[in-house]
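Structure at a glance
Each chain, written out:
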Amino acid sequence: ELATGRILAMKRASIVEKRHVYESEVKKLGILQGGPHILPLYDQGFDDDDNRLILTEYLDGGTLKQAILARGCLSEREALALLGQMIKAVAHAHACDPPILHRC
């Protein structure tokens, strides 16, 4: 929690083999900033043990998969609203120069 009262999420790469993935993730997230439905990146760097850190907005509520499993399904209206948000975010990524392609 910051002095502002904002709660952040911290992602850490402690395994050396995964650091290159984090480097790429930070770079791409930085390029995407300001786009629709893009998670805000507040800071990045290293901790005292030289682990890679990413600080982003904390989103409470779990994943889409968890929501679907808990409820059984989404209504058509909810599904279309979520799909619209995803399409806007992916379109923003594809419009970057060079384009950022989604990976699973």
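All residue numbers refer to position in the chain's written sequence, counted from 1. Since the coordinates come from a predicted model, pLDDT governs what is reported: local features require at least 70, and pairs of side-chain atoms require 80 or more to be given and counted, while whole-chain, interface and lining totals use all residues. Hydrogens and waters are ignored; side-chain quantities use all the structure's heavy atoms.

Here we come to the overall build of the protein. Secondary structure elements follow DSSP: runs of H or I of four or more residues count as helices, runs of E of two or more count as strands, with numbering from the N terminus. Helix and strand content of the protein: three helices and three strands. For the protein, the N- to C-terminal ordering of α and β elements is β-α-β-β-α-α. Seen through its principal axes, the protein has C-alpha atoms that stretch 45 × 35 × 30 Å. To sort residues, take the accessible area from a 1.4 Å probe on protein chains only and compare it with the maximum for the residue type: under 20% means buried, over 50% means exposed, and anything in between is partly exposed. The 104 residues of the protein split such that 19% are buried. Two residues qualify as a contact provided that any one of their heavy atoms is within 4.5 Å of a heavy atom in the partner residue. Sequence separation of 24 or more characterises 51% of the internal contacts of the protein that already satisfy a separation of 6 or more. For the protein, the accessible surface area stands at approximately 8,000 Å², while carbon and sulfur atoms represent 58% of it. Counting rule for charge: Lys and Arg are taken as positive, Asp and Glu as negative, and neither His nor the chain ends is counted. In this description, the location of a charge corresponds to atom NZ of lysine, CZ of arginine, CG of aspartate or CD of glutamate. For the protein, the distance from the average position of its 13 positive side-chain charges to the average position of its 14 negative side-chain charges is 7 Å. Here, Shrake-Rupley sampling with a 1.4 Å probe gives the accessible areas, and only protein chains in the shown set may cover a residue.

Once that is clear, we can look at the confidence of the model for the protein. You can read pLDDT as the predictor saying how much it trusts each residue, on a scale of 0 to 100. Averaged over every residue, the pLDDT of the protein is 86; the share at 70 or more is 92%. The least confident element of the protein, judged by mean pLDDT, is helix 1 (residues 19-32) at 85; the most confident is helix 3 (residues 76-95) at 94.

Glancing now at a nonpolar patch on the surface. A cluster of nonpolar side chains, L64, I68, L80, L83, M86 and I87, forms an exposed patch at the surface whose accessible area comes to about 520 Å². At the level of secondary structure, the elements contributing two or more residues to the nonpolar patch comprise helix 2 (64-71) and helix 3. As for its placement among the helices and strands, L64 is situated in helix 2. Every patch collects residues that have over 30% relative accessible area and no salt bridge, joining them within 9 Å if they carry like charges and within 5 Å if they are nonpolar side chains (Val, Leu, Ile, Met, Phe, Trp, Tyr). We count a salt bridge whenever a side-chain nitrogen from Lys or Arg sits within 4 Å of a carboxyl oxygen from Asp or Glu.

At least two bridges found by DSSP between two strands is the condition for calling them paired. Pairing geometry for strand 1 (residues 8-13) and strand 3 (residues 52-57), over six bridges, is antiparallel. What sits directly across from A13, in strand 3, is R52. As paired elements, strand 2 (residues 41-46) and strand 3 share five bridges and run antiparallel to each other. Note on strand 3: the bridge partner recorded for Q44 is I54. Following strand 2, the chain reverses through five residues before pairing antiparallel with strand 3; D50 in that reversal takes a positive phi of roughly 70°.

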